[in-house]
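Descriptive structure summary
Here's the letter readout for the chains.
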Amino acid sequence: MRNDPDGSAACFLSQHIGDIERGSTFEAWRDALGRLESLFGVTPAALACDAHPSYLSSQWARRHARAHDIPLVEVQHHHAHIASVIAESAARGIHDADEPVIGIAFDGTGAGDDGTVWGGEILVADLRGFTRAAHLRPWRLPGGVASIRDARRCAFSLLARDGLLGHAGAAPLIEMLSEQERSITATMVERGINSSLTSSMGRFLDACAAILGICGHATYEGEPAIELEAAATRALERDEGAVTSCAIHGLPYAIHHAAERGQDAQARPQKADGVRAPRSECDGPLVLDMEPTVLGLLDGIAAGIDPDTLALALHEAVAQAAADAARLVSLRTGIRTVALSGGVFMNRLLLTRTAALLENAGMRVLIPTTVPVNDGCIAYGQAAVARAHLARR
């Protein structure tokens, strides 16, 4: 991002490079950085990076800032997602950049401020900072990155957390795993071995794709989520009245206060009766608990309901839970503008349904149009946050 003489800012984004996880990708990123500096005649006066401690690009930024004695602003991943929507909406003249929003950031992975893996986040945010207002109920991610490729592990851990491995509807998933795989995964989850806590909506949807038998092992990035959306779309196209005829609105979920159940991922909810009235901010973030939804999926599997129909039901439950949680945050804060970002919203069905529910509740919805909702927006969001921070110095 470049500050022009008139005080405005111009932002130039590189081509898609992808996750900077290995040396070759990192070198491609450095080459792109050099080309942009040369093309636009800029020398960094400040740097912004993801707050993740081990990303290669973040490590480079920390070294470079120290070596050249320039400011460095580290930005939490999901804050960057929402900041990108705020900045883009301000540039389009449809939102005041200084006004806070309720940001729904649903994606696969982002380092959280509490040392866990975030990804199912509802933030109250502006360009200067954020508060975590709600999040998906966490569970353990066995094997870390391995669970991204093998959604069966993620699903096994999710069902283990809720004591649902013995449910008749879980049998197809259990049969996909060998006895050794089940034993190893159970041990990892029970002992917390290489199994960080996650609140990731992306991983939750991956797990549900495996539970439904739609996709248990990813052969390319995002395959479980893509196949899950395709299944739901088939059900919707097959029956225009599917939302009503399949009793989709009957799939339950719960939203409760962290103070009512603590943050223990292994604890079971005392109730699952949907949305409750908001209390004071001191109670901490709200928790989106999708255990009742998963139980509904298992009941559907056991009853022989078509997986496509259940996939559509899942989409509706997630959209309703997100919209209801945002509405409760709105009641707490008085904020009526909601920004949507994160790779999960590459799912057009989920994006359009969530936006419709929010608008029906009287909320104004911001959806980016010039930058993507996936991680392609992160650098833009980081730059916007850094500019806001540096402007205060």
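Since this is a predicted model, take the numbers as computed values, not measurements. (Residues numbered from 1 in each chain as written. Predicted model: local features only at pLDDT ≥ 70, side-chain atom pairs only at ≥ 80, totals over all residues. Heavy atoms only, no water.)

We now examine the overall build of the protein. Per the secondary structure count, the protein includes 15 helices and 13 strands. Relative to its 393 residues, the protein shows a buried fraction of 51%. For the protein, long-range pairs separated by at least 24 residues make up 72% of all intrachain contacts whose partners lie at least 6 apart in sequence. Carbon and sulfur atoms make up 52% of the accessible area of the protein, which amounts to about 17100 Å² in all. (Helix = DSSP H or I, 4+ residues; strand = E, 2+ residues; numbered from the N terminus. Buried < 20%, exposed > 50% of the residue type's maximum accessible area, 1.4 Å probe, protein only. Contact = heavy atoms within 4.5 Å. Areas by Shrake-Rupley, 256 points an atom, 1.4 Å probe, with all protein chains shown as cover.)

Turning next to the confidence of the model for the protein. Taken over all residues, the pLDDT of the protein has a mean of 89, while the share at 70 or more is 89%. Low pLDDT, under 50, characterises residues 262–282; the predicted model gives this stretch 53 contacts beyond four residues in sequence or across chains. (pLDDT = per-residue confidence, 0-100.)

So, on to the nonpolar core. Membership of the largest hydrophobic core comes to 72 residues, with the highest contact counts inside it found for Ile104, Phe204, Leu205, Leu340 and Leu358. Examining the composition of this core, we find that 15 residues originate from one element, helix α13 (residues 307–333), more than from any other. Once you skip the residues sitting within four places of it in the chain, Ile104 turns out to touch Ile82, Glu121, Ile122, Ala322, Ala326, Val338, Ala339, Leu340, Ser341, Phe345 and Leu358. Counting 23 residues, the second-largest nonpolar core is a separate cluster that includes Ala80, Ile86, Leu127 and Val385. (Core = buried A, V, L, I, M, F, W, Y, C linked by side-chain atoms within 4.5 Å.)

What follows is about unusual backbone geometry. Not every positive phi belongs to a glycine, and Asp69 is a case in point at roughly 50°. By relative accessible area, which is 70% here, Asp69 ends up exposed. Within the chain, Asn194 stands out as a residue other than glycine whose phi angle is a positive 45°. Here Asn194 lies in the loop between α7 (179–191) and β9 (195–198).

Summed over the entire model, instances satisfying the criterion amount to five aromatic pairs. Ring geometry for Phe26 versus Trp29: centroids 5.7 Å apart, planes at 20°, classification stacked. Linking Phe26 with Trp29, this pair stays in helix α1 (residues 23–40), spanning three residues, or about one helical turn. Taken individually, Phe26 and Trp29 each receive the classification buried, so the pair is uniform in this respect. Measuring from ring centre to ring centre gives 5.2 Å for Trp29 and Trp60, while their planes differ by 80°; the resulting arrangement is edge-to-face. Taken together, the positions of Trp29 in helix α1 and Trp60 in helix α2 (residues 56–68) put the pair 31 residues apart, joining distant regions of the chain. Comparing Trp29 with Trp60 shows no difference in burial state: the two are buried. An aromatic cluster of three or more residues is present, and its members are Phe26, Trp29 and Trp60. It is Arg132 that lies over the ring of Trp118; its NZ or CZ is 4.0 Å from the centre. (Phe/Tyr/Trp six-rings, centres within 6.5 Å; stacked < 30°, edge-to-face > 60°. Lys NZ or Arg CZ within 6 Å of the ring centre and 35° of its normal.)

A separate point is the environment of Tyr220. Mapping Tyr220 onto the fold places it in the loop between α8 (201–211) and α9 (223–238). Linking Tyr220 and Arg149, residues 71 residues apart in sequence, is a C-alpha distance of 8.1 Å.

On to the packing of helix α3 (residues 77–91) against helix α15 (residues 378–391). Closest axis-to-axis distance for the α3/α15 pair is 7 Å, and the angle between their directions is 80°. The angle between α3 and α15 places the two elements in the roughly perpendicular class. Along its contact with α3, which presents His77, His79, Ala80, His81, Ala83, Ser84, Ala87, Glu88 and Ala91, the element α15 presents Ile378, Tyr380, Gly381, Gln382, Ala384 and Val385. (Axes fitted to C-alpha atoms, helices over the stretch in contact; angles between N-to-C directions. Parallel < 35°, antiparallel > 145°, perpendicular 65-115°, else oblique.)

On to the environment of Ala231. Position of Ala231 among the secondary structure elements: in helix α9. Measuring from C-alpha to C-alpha, the distance between Ala231 and Ile214 comes to 7.8 Å, with 17 residues separating the pair along the chain. Look past the residues within four positions of Ala231 in its chain and what remains in contact with it is Ile214, Asp308 and Ala311.

Attention now goes to the state of the cysteines. Covalently bonding the sulfur atom of one cysteine to the sulfur atom of another cysteine gives a disulfide. Under the criterion given, the structure shown has zero disulfides. Cys208 carries a free sulfur, and the closest cysteine sulfur to it, the one in Cys154, is 9.2 Å from it. (Disulfide = S-S within 2.5 Å.)

Attention shifts here to the pattern of salt bridges. All chains considered together, the criterion is met by 19 salt bridges. The shortest N-O distance in the salt bridge between Arg132 and Glu121 comes to 2.6 Å. One end of the pair, Arg132, is in strand β7 (residues 130–136); the other, Glu121, is in strand β6 (residues 117–125), and eleven residues separate them in sequence. Assessed through its relative accessible area of 15%, Arg132 is described here as buried. Arg152 is the partner of Asp150 in a salt bridge, and the nearest nitrogen-oxygen pair spans 2.9 Å. Just as Asp150 is buried, Arg152 falls in that class too. Via salt bridges that share partners, Arg137, Arg161, Asp162, Asp289 and Glu291 belong to a single interconnected network. (Salt bridge = Lys/Arg side-chain N within 4 Å of Asp/Glu carboxyl O.)

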